[in-house]
Amino acid sequence: GEDVEQSLFLSVREGDSSVINCTYTDSSSTYLYWYKQEPGAGLQLLTYIFSNMDMKQDQRLTVLLNKKDKHLSLRIADTQTGDSAIYFCAESIVSGGGADGLTFGKGTHLIIQP
Amino acid sequence: EADIYQTPRYLVIGTGKKITLECSQTMGHDKMYWYQQDPGMELHLIHYSYGVNSTEKGDLSSESTVSRIRTEHFPLTLESARPSHTSQYLCASAGGDTQYFGPGTRLTVL
């Protein structure tokens, strides 16, 4: 079965790096995603990684994938107040965005301290 | 920025009413989805579609129904709303490797 786990809260100081972790159970996952949700809004795709990759970097965001341990992380460098949101990890086991949908974690609330 | 729209954004209705939540996308995507997001913020897939005239039930059982008569339109209907239907409903469409989400409809049933 599919199960995605995330810690519920992360608190960091403004300017520090944030690292949000996720574990998944389905070894046949082909794509793993990070989405951001701000209050009252839908989900915004931040980045995704194909399962045969170890790392992907996009500006302040770095995604690391440890396929052996089924562990995915999102690092946000120089965290800003605008990064305050809920971050969802999700996996797809068909093709990317496959027709049977994504399995989401419960989301990590990122709290920024001044 | 994805072109996917949901209306209404907020809806408060009484028990027993019939409602339709609208979702439209202008990207020509064949695959579309409805997710329900509960107060604990977890998302659950309730319906999806491969394309016109295709509808499938998702992982979470739902009393809602969907239709897909046009590629760009994927409405969700509740025939008789109940307080247990209070939730946020998120529509998404997929092109290539990614799913794009609409802004959501927050439904409250009194």
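Quick caveat: nothing in here was measured; it's all calculated off a predicted structure.

Participant: Go over the overall build of chain A with me, naming the residues and quoting the values.
Facilitator: Scanning chain A for helices and strands turns up 0 helices and 11 strands. Relative to its length of 114 residues, chain A is compact, with a C-alpha radius of gyration of 13 Å against a globular reference of 13 Å. Burial status across chain A gives 47% buried among its 114 residues. Expressed as a percentage of contacts within chain A between residues at least 6 apart in sequence, the contacts between residues at least 24 apart total 57%. For chain A, the exposed area adds up to about 5,200 Å²; of that, 49% sits on carbon and sulfur atoms. Computed over 9 positive and 14 negative side-chain charges, the separation of the two mean positions in chain A equals 4 Å.

Participant: Which residues make up the overall build of chain B, and what values go with them?
Facilitator: Counting its regular elements, chain B contains 0 helices and 11 strands. The order of helices and strands in chain B, counted from the N terminus, is β-β-β-β-β-β-β-β-β-β-β. In terms of overall size, chain B behaves like a compact globule, its C-alpha atoms giving a radius of gyration of 13 Å where 110 residues would be expected to give roughly 13 Å. Seen through its C-alpha atoms, chain B measures out along the principal axes to roughly 40 × 25 × 25 Å. By residue count, 47% of the 110 residues in chain B fall in the buried class. Here the analysis covers contacts within chain B between residues at least 6 apart in sequence; of these, 52% occur between residues at least 24 apart. Approximately 5,200 Å² of chain B is accessible, and the part contributed by carbon and sulfur atoms is 50%. Taking the 9 positively charged and 12 negatively charged side chains of chain B as two groups, their mean positions are separated by 8 Å.

Participant: Lay out the sheet that holds strand β7 (residues 65–66) of chain B with the relevant residues and their values.
Facilitator: Residues and elements named next belong to chain B. Pairing is antiparallel across the open sheet formed by 4 strands, whose spatial order is β1-β3-β8-β7. The open sheet has two edge strands with one neighbour each: β1 (4–7) and β7. As paired elements, β1 and strand β3 (residues 19–25) share 4 bridges and run antiparallel to each other. Within β3, the residue paired with Gln6 across the bridge is Cys23.

Participant: I'd like a rundown of a nonpolar patch on the surface, residues and numbers included.
Facilitator: Residues and elements named next belong to chain A. Taken together, Leu8, Phe9 and Ile111 make up a surface patch of nonpolar side chains, about 300 Å² in accessible area. As for its placement among the helices and strands, Ile111 is situated in strand β11 (residues 108–113). Owing to a relative accessible area of 40%, Ile111 belongs among the partly exposed residues under this scheme.

Participant: An account of the confidence of the model for chain B is needed here, citing residue identities and associated values.
Facilitator: Looking at chain B, the pLDDT average stands at 91 and 96% of residues meet or exceed 70. Taken element by element, chain B is modelled with least confidence in strand β10 (residues 98–101) of chain B, mean pLDDT 88, and with most confidence in β3(B), mean pLDDT 97.

Participant: Before we move on, can you summarise the layout of surface pockets with the specific residues and values?
Facilitator: For the second largest pocket, the calculated volume is near 190 Å³. Elements represented by at least two residues in the lining of the second largest pocket include exactly β1 (4–6) and β10 (103–104) of chain A together with β5 (43–49) of chain B. Classifying every residue of the lining of the second largest pocket gives 6 nonpolar, 3 polar and 6 charged.

Participant: Can you break down the pattern of salt bridges residue by residue, with the values?
Facilitator: Within this structure, the stated rule accounts for 7 salt bridges over all chains. Residues B:Glu42 and A:Lys106 are paired through a salt bridge, measuring 4.0 Å at the closest nitrogen-oxygen approach. Taken together, the residues B:Glu42 in the loop between β4 (31–37) and β5 and A:Lys106 in the loop between β10 and β11 connect one chain to another. With relative accessibility at 43%, the residue A:Lys106 sits in the partly exposed group. Among the ionic pairs, B:Lys18 bridges to B:Glu79, the shortest N-O distance being 3.9 Å. With a gap of 61 residues between them, B:Lys18 in the loop between β2 (10–13) and β3 and B:Glu79 in the loop between β8 (76–78) and β9 (87–95) connect regions that are remote in the sequence.

Scoring rules and cut-offs
- Residues numbered from 1 in each chain as written.
- Chains lettered and ligands numbered in written order.
- Predicted model: local features only at pLDDT ≥ 70, side-chain atom pairs only at ≥ 80, totals over all residues.
- Heavy atoms only, no water.
- Helix = DSSP H or I, 4+ residues; strand = E, 2+ residues; numbered from the N terminus.
- Rg over C-alpha atoms; globule rule 2.2 N^0.38 Å.
- Buried < 20%, exposed > 50% of the residue type's maximum accessible area, 1.4 Å probe, protein only.
- Contact = heavy atoms within 4.5 Å.
- Areas by Shrake-Rupley, 256 points an atom, 1.4 Å probe, with all protein chains shown as cover.
- Lys, Arg positive; Asp, Glu negative; His and termini not counted.
- Charge placed at Lys NZ, Arg CZ, Asp CG, Glu CD.
- Pairing = 2+ DSSP bridges.
- Patch = residues over 30% accessible without salt bridge, like charges linked within 9 Å, V, L, I, M, F, W, Y side chains within 5 Å.
- Salt bridge = Lys/Arg side-chain N within 4 Å of Asp/Glu carboxyl O.
- pLDDT = per-residue confidence, 0-100.
- 1 Å grid on protein atoms, 1.4 Å probe; cavity = no way out; pocket = protein on both sides within 12 Å on 5 of 7 lines; lining within 4 Å.
- Points joined across faces, edges and corners; volume = space filled by probe spheres on them.
- Nonpolar A, V, L, I, M, F, W, Y, C, P; charged D, E, K, R; others polar.

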